[in-house]
Structures are given as C-alpha cells and as structure tokens.
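# Examination of the molecular architecture
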Amino acid sequence: QVQLVESGGGLVQPGGSLRLSCAASGSTSRINAMSWYRQAPGKQRELVAAQTRGGSTNYADSVKGRFTISRDNAKNTVYLQMNSLKPEDTAVYYCNARRDTISLISSYWGQGTQVTVSS
C-alpha cells in the first residue's frame, strides 16, 4: 500500500503564507495523481487542488490565484503553497494519492495537518 505523510501545517495570520508537503512511500509506483483536500469543522471534505503525474492541475474556485500545487515525481512528493491566507482557509488539510494498476484503482489518504488562519 501507499503511505502518505503531510507536514507544514500551523498557525498563521490572515494574509500570511504556508507551504504544505506530502511525501508518499510504500508502493509508490503507478501513482498517477496527487491531490490536496481540506475539511473545516462542520463541513464536508472538499478538493483544494490536484495534479496529475503529467503536470495538469485543477483548483477549487476559492483558492485560485492564491494556492499553487506542485510535485516532484521522482520523490513522490506533492506540495501546496498557500499565499494570502484567509480565516476561511482554516481546516485540516489531507493529502490524497491515486494509484492505478492494471486491475485496480486505489485511493490513499494521509493523516491530515491542521492549518489555522487567525489574527
């Protein structure tokens, strides 16, 4: 299986920046997409940003222009650069990896890292 470990969360002021990292280990071959999700208190988990191995990206409307997803395919690591943070960005951020094999498509989740934006 794939193990995902997020890091980089913390407490920041509105307008500040934070960079999250997610490192994949284990059966990392055939990982074709990695994504960031977030879940705020009382809300459903939502997709924040995604990037395929080929480099295409997708962002939630709420973070476009502020967040940037990037990845290092060789290291099986995905990053989320978060700028101009707002209080509404406060959530637990989760890393997700999709692994496609000939017979099975699997999805894996990290443990999450807390991001709190508050003055």
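Every value quoted in this text rests on a predicted model; they were computed, and no experiment measured them.

## Some thoughts on the environment of Leu85
Tracing the chain through its elements places Leu85 in the loop between strand S8 (77–82) and strand S9 (91–100). Leu85 gets classed as buried once you look at its relative accessible area, which sits at 2%. Residues Leu85 and Asp72 lie 13 residues apart in sequence; the distance between their C-alpha atoms is 24 Å. In this structure, Leu85 is in contact with Val12, Gln13, Pro14, Gly15, Gly16, Ser17, Leu18, Arg66, Phe67 and Val117, ignoring residues within four places of it in sequence.

## With respect to the packing of aromatic side chains
This structure, assessed with the given rule, holds 1 aromatic pair. Ring centres of Tyr37 and Trp109 lie 4.9 Å apart, and the angle between their planes is 65°; this geometry places the pair in the edge-to-face category. Remark: Trp109 occurs in strand S10 (residues 105–109) and Tyr37 occurs in strand S4 (residues 31–39); sequence separation between them is 72 residues. Taking the ring centre of Tyr94 as reference, the NZ or CZ of Arg45 above it sits at 3.7 Å.

What counts, and where the lines are drawn
- Every chain is numbered on its own, with residues counted from 1 as its sequence reads.
- Local features in a predicted model are, by the rule used here, given only for residues with pLDDT of at least 70; side-chain atom pairs are given and counted only at 80 or more, and totals for whole chains, interfaces and linings are based on all residues.
- Remark: hydrogens and water are excluded; side-chain values derive from all non-hydrogen atoms of the structure.
- Put simply, DSSP H or I for four residues or longer makes a helix, DSSP E for two residues or longer makes a strand, and each gets a number counted from the N terminus.
- In this scheme, a residue with accessible area under 20% of its type's maximum is buried, one over 50% is exposed, and one in between is partly exposed, where area comes from a 1.4 Å probe on protein chains only.
- Residue contacts are defined here by distance: any two heavy atoms, one from each residue, within 4.5 Å place the two residues in contact.
- Working definition: a ring pair exists when centres of Phe, Tyr or Trp rings (six-membered ring for Trp) sit within 6.5 Å. Plane angles under 30 degrees give stacked, over 60 give edge-to-face, the rest tilted.
- By definition here, charges over rings are those cases where NZ of Lys or CZ of Arg is within 6 Å of the ring centre and within 35 degrees of the ring normal.

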